[in-house]
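# Fold and geometry: a report
In case you want the letters, here they are:
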Amino acid sequence: MTTENSTPAAAPVNKHFVRQIIESDLAAGRNGGRVVTRFPPEPNGYLHIGHAKAICIDFGMAQEYGGRCHLRMDDTNPAKEEMEYINAIQTDVRWLGFDWGRHFYHASDYFDAMYAFAEKLIERGQAYVCAVSQDDWKDYRGVPTRPGKESPWRNRPATESLDLFRRMKTGEFKEGELCLRAKIDMASPNIHLRDPVIYRILHAEHPHTGNKWCVYPMYDFAHPLEDAFEGVTHSLCSIEFEVHRPLYDWVIQNLLAIRAAEPAVAGWFVHDHPQYDGPQQNEFARLDLTYTVMSKRKLLELVEAGLVSGWDDPRMPTLCGLRRRGYTPAAIRTFVETVGVTKFNSLTEVALLEHCIREDLNRSALRRMAVLRPLKVTIENVENLPATIEAQNNPEDPAAGTRQVPFSRELLIEAEDFMEVPPPKYFRLTPGGSVRLRGAGFLTCTRVEKDSAGKVSNIICKWSPPTTELKVKATIHWVSAPHAKPVTVRLYDRLFTVPEPDGQEQDFKTFLNPHSLEQLTAYVEPAVAAAQPGEGFQFERVAYFVADALDSQPGAPVFNRTVTLKDTWAKVEKPKK
RNA sequence: UGCCGGAUGGUGUAACGGUAGCACAACAGAUUCUGAAUCUGUUUGUCUAGGUUCAAAUCCUAGUCCGGCAACCA
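Numbering of residues starts from 1 in each chain and follows the order in which that chain's sequence is written. Written order determines the labels here, with chains lettered from A and ligands numbered from 1. The predicted origin of the model limits local features to residues at a pLDDT of at least 70 and limits the giving and counting of side-chain atom pairs to 80 or more, whereas totals for whole chains, interfaces and linings rest on all residues. Derived side-chain values reflect all non-hydrogen atoms in the structure, with water molecules and hydrogen atoms excluded from consideration.

## Comments concerning the nonpolar core
Rules: Side-chain atoms within 4.5 Å link the members of a nonpolar core, which is a set of buried Ala, Val, Leu, Ile, Met, Phe, Trp, Tyr and Cys residues. Only protein chains enter the calculation, and the probe is 1.4 Å; a residue is then buried if its accessible area is under 20% of its type maximum, exposed if over 50%, and partly exposed in between. Secondary structure elements follow DSSP: runs of H or I no shorter than four residues count as helices, runs of E no shorter than two count as strands, and numbering proceeds from the N terminus. For the domain bounds, the source is a domain assignment made automatically or taken from a database. The criterion used for residue contact is that any of the two residues' heavy atoms lie within 4.5 Å.
Counting 46 residues, the largest nonpolar core has Ile-49, Ile-55, Val-93, Leu-319 and Ile-332 as the members making the most contacts within it. Counting only elements with at least two residues in this core, the list comes to α1 (17-27), α2 (49-64), β2 (68-73), α3 (83-96), α10 (319-325), α11 (329-339) and α12 (350-364). For this core, the two domains that each supply at least three residues are domain 1 (17-284) and domain 2 (296-366 + 487-571). What Ile-332 contacts, discounting residues up to four positions off in sequence, is Ile-49, Ala-52, Trp-95, Leu-96, Leu-319, Leu-322 and Tyr-327. With 44 residues, the next largest nonpolar core counts Met-114, Phe-173, Val-251 and Ile-258 among its residues.

Shown next, in the form of C-alpha cells:
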C-alpha cells in the first residue's frame, strides 16, 4: 500500500492536562457544559511565537470543545499601551487562522463596573484607601519568610475610604499619593495576598478611554473581573501567574457573592448565563525557543537599537517577522501542537519549527530554479539544443502542472556545483565528468577557462539530450544566461550564535549572529520575476523563498529565504574545513 | 532560609499500578532527475534513596536539583 492511499490515521490528539481539565469539567456539568476562553494580550508590543502557543491553546480549546474564544486587549495600564499594537495584534491572530467573531473586547470596556465593584468592596470592609508610600510599603509587606504588618489605614471607616476613593477618581490626588488595597491577610505566606493594591492613580491618557479616568485597576483585580463579566469558563495563562491564583479566586468569590446579594450587579456581566459558576484559572508553561530571545523587552531593544529592521524583520520570532520570512500559519499551528502543553519550563529546539515549515512547504511550494552564486557554462555542441524544456511545478503534487523553462547554449550554474579538484564523494560537475541538468539532459565538462586571477570563469561542456544513457550521480539546477533575471535575495539565518542567548553572563546582544543576513543578486528563470509579494517557491536544491511583502516591486521581487533545504553534503563537507 | 510549581533519551512530549512509546535531532543504509522528499534500521531515557505491591515513571516518605513569587507592570 502506498502512503497516498493509506487511510490517514486520525491524528493522535495529545490529551494534555488542559484538555483533561476541560473534559472533566464538561463531564461534571460545570458552567452548564460550556467552554469559553479568551486570549488577553497587553497591547504593549508585537505578538511572537510564544504568544502563538497561547493563541492556539486559547482559541484551539474553544474550537475543539464547541465553545468560543474572546480576543481581549488587557489595557489596564495606559502608560505602556498603544493603538499601533492593538491593530497589529488583531492582524496577527487572524493570520494565524483564528476568529473571535464579534467577541472583541477591551479590559477598559469594564472600567465602570470595576470601579463600582471596588466601591462595593470598600462598603463591605474588604478594601481600603491606603496612604503608605510605595517605598514605605516594603516594610509593611514583609518578606516571604516573615509576615508583614498592617497598614495604619487598614481599619479606617468605610465611609472615609469611600470618600477618598471617589476623590482619587476625580483627580484630587497625585500619582502615588493614595491607592486602594484589598484587605486580605498581611501574614499570608503568599505575598500576593498581603493587602495587594487593586487601584492606583495614573494621570495618563488611555488609548481607549482617553482622559475619562485617572484611577486604573491592577491586573490581579481586573483580570478575574474581565473573565467573569465575559462569562469565561477557562482562563488559561502561563505559570508565572500560578501564585496569583488565590487572589484571582478571592476576587471571583467576592464578585459572585455580591452578585448573589444584589441583583443589579448582574448588569456588569456582558455575557451572563443562568448556569455560570465563574471562571477558573489554569496555568501552562510558556514556549521558549533556541537561538532567539522571546521577551518583549529584549525584542524591543533589538528594534530600538536598529539591530534588526523592525518588529517584522524576518529574523525576529514575532508573528509578523515569521510571516515576512515565509512561515505559514499551518506550520506554526502544527509546531505548537507538536510541542505540547505542560507545566514544565522547557526549551524547544528551533530545528523542530524548521522541520514543521519544511514539511508544509515541501507539500505545497511550487518549484523554480535560481542560481545564487553563478558560474558560466558554455555548451560547445550547438546543434539540436532545445529552446525550452518542460519542468514539473511540484513533483510532490502532479496537479501543480508543468511550465516551460527557456534553454540556451549559455547557462549559469551554482558555483559550488563545479570543482576543479573534487574531494572524494563529490558527485557534481568536475573536469571530464558529467552531471544531469535538472529537466534538461546532461553536461560533460570538456575544459575550463580561467580569468587573469586563475579563477575558473567559464566551463566548456558538451550537452547530451535526456535520452542519453549516461550514468551520473548528481543533478544540478541551472538557468539560461540570456534569459535569466537578476533578483535580490536575502539569506536569513539564526539571529543568535548560541542556543540560549538569554541567561548568559554577557548581554544577550553580544551573541548576535553577524551572518544572520546576507544579501546577494541571484539569477532566476524568467517566470520568477513576475512573483507577487507574498508568493513563495522552492528554489530547487537551495531553499524555500518568499517574495517580500514590503520591499518587492512589480517585476522586481525581493526574495527572503524562509528555510534552507536539508543539506547532507554540507554536513559531510563542513567538518573538513 | 517561607510559599507555589516542576523533574521521562541530546530536545520536546506520551504512558494515569501491568511490554517505557511518538516526534525532532544524530548516525547508518535503501531509494532518488532536488546530496531534498520518501523508506528501513541504530544509538540514547524514568533525578536520588528508601518503602507499599505479584507488579511502580505512576502510590507513600525523605532528599536533590530546576523554575516562579517580595511593581501603585501584565
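## Description of the packing of aromatic side chains
Note the cut-off: Between rings of Phe, Tyr and Trp, where Trp is taken as its six-membered ring, a pair exists when centres lie within 6.5 Å; planes separated by under 30 degrees are stacked, by over 60 edge-to-face, and by other angles tilted.
Tallying each qualifying case throughout the model produces 27 aromatic pairs. Ring plane angle 65° and centroid distance 6.2 Å describe the contact between Phe-229 and Trp-268, whose orientation is recorded as edge-to-face. Of this pair, Phe-229 sits in helix α7 (residues 219-229) while Trp-268 is found in the loop between α8 (245-261) and β9 (280-284), placing the two residues 39 residues apart along the sequence. Of the residues examined, Phe-229 reaches a relative accessible area of 0% and is grouped as buried. On the basis of relative accessibility, which here comes to 14%, the residue Trp-268 falls in the buried class. Ring centres 6.3 Å apart and planes at 15° place the aromatic pair Phe-537 and Phe-539 in the stacked group. In this structure Phe-537 comes out as buried when scored by relative accessible area, which is 3%. Each member of the aromatic cluster is reached from another via a ring pair, and the members are Tyr-110, Phe-111, Tyr-115, Phe-117, Phe-165, Tyr-199, Trp-213, Tyr-216, Phe-221, Phe-229, Trp-268 and Phe-269.

## Concerning the pairing of strand β6 (residues 197-201)
Consecutive side chains along a regular strand alternate between the two faces of the sheet. For clarity, the threshold we go by: Two strands form a pair only when DSSP identifies at least two bridges running between them.
Among the five residues of β6, four are classified as buried, and the element is accordingly described as predominantly covered. Of the pairings in the sheet, the one linking strand β5 (residues 179-182) to β6 comprises three bridges and is antiparallel in character. Paired with Arg-181 across the two strands is Val-197, which belongs to β6. Where β6 and strand β7 (residues 215-217) come together, three bridges link them in antiparallel fashion. Across the sheet, Tyr-199 pairs through a bridge with Pro-217, a residue of β7.

## Structural notes on the confidence of the model for chain A
We apply this condition: The predictor rates its confidence in each residue with pLDDT, a number between 0 and 100.
When pLDDT is averaged along chain A, the result is 95, and 97% of the positions lie at 70 or above. With pLDDT under 50 throughout, residues 1-10 is counted as low confidence; its partners more than four residues away or in other chains account for one contact.

## Some remarks on the protein's contact with RNA strand B
For clarity, the cut-off: We call a residue near a given molecule or strand whenever any one of its heavy atoms falls within 4 Å of it. Under this definition, polar contacts are N or O atom pairs within 3.5 Å; protein pairs additionally need one hydrogen-donor-capable and one acceptor-capable atom, and for neighbouring residues in sequence, both atoms have to be side-chain atoms.
Neighbouring RNA strand B are 63 residues; Arg-141, Arg-367, Arg-428, Gln-538 and Arg-541 lie closest to it. Sugar and phosphate atoms form 68% of the subset of RNA strand B atoms that lie within 4 Å of the protein. Tyr-219 is positioned with one of its backbone polar atoms (N or O) 2.8 Å from a phosphate oxygen of RNA strand B. One of the backbone nitrogen or oxygen atoms of Gly-439 is found 3.0 Å away from a base oxygen of RNA strand B. Counting residues per element, the ones that place at least two in the surface near RNA strand B are α5 (134-141), β6, α12 and α13 (568-573). In terms of residue count, the dominant contributor to the surface near RNA strand B is α12 (four residues).

## Digging into the domain arrangement of chain A
To keep things clear, this is the line we draw: Defined here as a combined quantity, buried area equals the accessible surface (1.4 Å probe) lost by two parts on assembly, summed across both. The working definition used for a salt bridge is a side-chain nitrogen of Lys or Arg within 4 Å of a carboxyl oxygen of Asp or Glu.
Partitioning chain A into structural domains gives domain 1 (17-284), domain 2 (296-366 + 487-571) and domain 3 (370-477). In this structure, domain 1 and domain 2 have C-alpha centres spaced 36 Å apart. Opposite the 27 residues of domain 1 that make contact, domain 2 presents 23 residues. Here domain 1 packs against domain 2, burying approximately 2200 Å² in sum over the two surfaces, 69% of which is carbon and sulfur. The largest per-residue losses of area from domain 1 upon contact with domain 2 belong to Tyr-46, Ile-49 and Trp-95, which jointly make up 32% of the total buried on that side. Inspection of the region where domain 1 meets domain 2 yields four salt bridges. Lys-343 serves as the salt-bridge partner of Glu-283, at 3.5 Å between the closest nitrogen and oxygen. In this structure, the connection of domain 1 to domain 2 is made through nine residue pairs in polar contact (both at pLDDT 80 or more). When residues of the side of domain 1 that touches domain 2 are traced back to their parent elements, those giving at least two are α1, α2, α3 and β9.

## Quick notes on the side chain of Ser-516
In this fold, Ser-516 is placed in the loop between β21 (485-492) and β22 (517-524). Leave out the neighbours within four places in its chain, and Ser-516 touches Arg-315, Leu-491, Tyr-492, Asp-493, Arg-494 and Leu-495.

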